[in-house]
Amino acid sequence: MKYFSTRGDKTAFTAAQTIVKGIADDGGLYVPEKIPVAGKTPAELSEFNYNTHATWLIEHFLTDFNYAEVVCCVNNAYNANNFTAPNIAPLHHTPQVSFLELFHGRTLAFKDMALSILPHFMQTALQKTENPKTQIILTATSGDTGVSALEGFKDIEGTKIIVFYPENGVSVIQKQHMITQTGGNVHVVGVKGNFDDAQSEVKRLFLDAKLNAKLNENGCEFSSANSINTGRLIPQIIYYFHAYSQLVKGGMAEDTPVNFVVPTGNFGNILAGYYAKKMGLPINKLICASNENKVLYDYFETGEFDSARPFHLTSSPSMDILIPSNFERLVYSLSDGNVIEKLNCLSSKQKFEMPVPQDFVGFYATEAETRAAIKKVFGAHGYLIDPHTAVAYAAYEKYAHPDEKTVIVSTASPYKFPKTVMSAVDAKYENHDDFALLEQMAELTKQKVPAQFEGLNTKPILHNKVVSINEMESAVLEII
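Residues numbered from 1 in each chain as written. Predicted model: local features only at pLDDT ≥ 70, side-chain atom pairs only at ≥ 80, totals over all residues. Heavy atoms only, no water.

I would appreciate a short explanation of the nonpolar core in the present structure.
Side chains of a nonpolar character, in soluble globular proteins, are inclined to be buried together. Membership of the largest hydrophobic core comes to 96 residues, with the highest contact counts inside it found for Tyr-78, Phe-241, Phe-260 and Phe-327. By residue number, the principal contributor to this core is helix α11 (residues 230-249), which donates 11 residues. Ignoring sequence-local partners within four residues, the contact set of Tyr-78 consists of Tyr-50, Asn-51, Ala-54, Phe-83, Ile-88, Met-113, Ile-117, Pro-235 and Ile-238. Ranked by size, the runner-up nonpolar core spans 44 residues in total, among them Ile-287, Ala-365, Leu-438 and Ala-442. (Core = buried A, V, L, I, M, F, W, Y, C linked by side-chain atoms within 4.5 Å. Buried < 20%, exposed > 50% of the residue type's maximum accessible area, 1.4 Å probe, protein only. Helix = DSSP H or I, 4+ residues; strand = E, 2+ residues; numbered from the N terminus. Contact = heavy atoms within 4.5 Å.)

Just checking my understanding: could you explain the packing of aromatic side chains for this structure?
Each aromatic ring pair is specified by the distance between its two centres and by the angle formed by the two planes. Tallied over the entire structure, the rule returns 24 aromatic pairs. Where Phe-300 meets Phe-360, the ring centres are 5.1 Å apart and the plane angle is 15°; that geometry is what we call stacked. Note that Phe-300 is positioned in helix α13 (residues 295-302) and Phe-360 in strand β13 (residues 360-364), a separation of 60 residues in sequence. Each member of the pair Phe-300 and Phe-360 is classed as buried. Ring-pair connections join several aromatic residues into one group, and the members of that group are Phe-267, Tyr-274, Tyr-275, Tyr-299, Phe-300, Phe-305, Phe-327, Phe-352 and Phe-360. Taking the ring centre of Phe-65 as reference, the NZ or CZ of Lys-128 above it sits at 5.7 Å. We note Lys-294 situated over the ring of Tyr-364; from NZ or CZ to the ring centre the distance is 5.1 Å. (Phe/Tyr/Trp six-rings, centres within 6.5 Å; stacked < 30°, edge-to-face > 60°. Lys NZ or Arg CZ within 6 Å of the ring centre and 35° of its normal.)

When you look at the pattern of salt bridges in this model, what are you seeing that I'm missing?
Should the charged atoms of two oppositely charged side chains come close, the side chains can pair. Tallying each qualifying case throughout the model produces 16 salt bridges. One salt bridge connects Lys-21 with Asp-25, and the closest N-O pair in it is separated by 2.9 Å. With relative accessibility at 24%, the residue Lys-21 sits in the partly exposed group. Between Lys-294 and Asp-298 there is a salt bridge whose closest N-O contact spans 3.1 Å. The exposure class of Asp-298 is buried, given its relative accessible area of 16%. What emerges from the salt-bridge pattern is a single network uniting Glu-201, Arg-204, Asp-208 and Glu-473. (Salt bridge = Lys/Arg side-chain N within 4 Å of Asp/Glu carboxyl O.)

The structure is reproduced here in structure tokens:
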């Protein structure tokens with residue numbers, strides 16, 4: 001399997017090379033030369049556990065990794081040390097819809113599903129490419145990627161990780177996780193700006209020739225932990241097959257079309273579902289759920305992608321994005337590789353037009369609708385969902401096809417957003433402290449507070465640097 005840049009460079013790369021590089025030299029994202037065919041029926045796949053699913057799928061894409069290397073990466077990632085659920089990504093069923101719980105990893109968010117394995121991919125890829133340089137994992141986060149990436153790359157030999165986050169654009173819990181993160185190779189920097197600002201500057205730094213020359217002088221080079229990295233994107237395909245297999249194992253007829261509702265910010269999660277469908281998984285609709293930053297909803301409604309709009313801070317911060325990086329991969333897929341023209345339009349006019357693929361449908365939820373969804377699901381089923389999952393549930397209700405089998409992709413634990421969740425359930429919690437609410441949430445759900453949050457609010461702050469967008473480059477050089 002060879003990989004090419006979305007922006008026209010005809011140079012072919014191996015999977016290992018793309019994992020190390022992160023982003024292409026021309027600024028594009030790497031895409032596989034083709035989407036492989038699954039080659040197994042849903043009934044056959046239903047006999048697999050999560051690790052078997054992972055090994056089987058990764059072998060389709062990382063063909064320069066041998067079987068033993070793939071198994072080693074998989075088993076180092078998906079085990080009881082990293083995930084509390086034996087099934088890794090279990091389904092929670094209600095009479096109307098099933099929730100795919102992707103939050104049983106070390107940081108209680110779906111980013112753990114890929115960021116638990118990416119460091120092992122990276123180490124293997126560095127050996128395969130005989131690359132002696134220290135990898136500077138440079139990442140912007142809207143919340144969960146930063147927490148998961150820091151935990152995943154903590155003290156990984158041959159790497160340093162630098163995470164930029166919007167200082168006022170993540171939840172209290174997300175921020176506390178990042179600024180108290182231990183590890184001799186981890187660095188966290190707040191940014192005066194939003195995620196799109198930070199992400200755009202990170203992409204610029206990746207391509208800055210003078211900066212890269214300075215890195216090279218110091219025996220370093222950039223790589224990425226964002227889903228722009230193929231090593232982040234490919235593992236996300238796994239849980240779509242795993243979810244479908246669980247439904248078949250539970251009695252659903254093989255080849256039944258299933259909808260997946262995906263709360264969507266940077267577009268990587270739902271793009272993984274699109275790849276799964278292209279591989280042959282019987283997916284009916286990929287329902288793209290947006291919050292009030294509804295640039296993707298508007299595209300799926302009108303065929304026009306337009307990022308020139310107000311930016312909203314919402315209770316679902318990981319979706320507060322107006323320029324979703326992975327959308328470029330979909331544009332490439334739908335435009336026969338002619339991405340440059342549309343990117344030029346986006347740069348000059350902040351918009352472009354493109355036919356809407358029939359695989360997708362979009363809906364969005366207001367802040368009021370998000371809170372109402374949390375309250376409704378808890379009232380009906382005694383099941384707490386986080387605000388991102390609530391956006392997806394609101395989208396599911398607007399799709400209004402209760403006769404179709406549907407899975408909501410639940411991307412974070414409600415414990416990561418205690419004030420939002422608890423005040424949605426009952427307004428009396430509105431003025432409570434986030435950390436104080438953790439215990440009350442545990443009482444409400446008759447569960448223990450996750451171990452990750454024990455004493456989190458009293459941990460020493462290790463990262464307190466805050467910079468402007470223009471100071472991000474200086475911060476990188478200072479760290480290096």
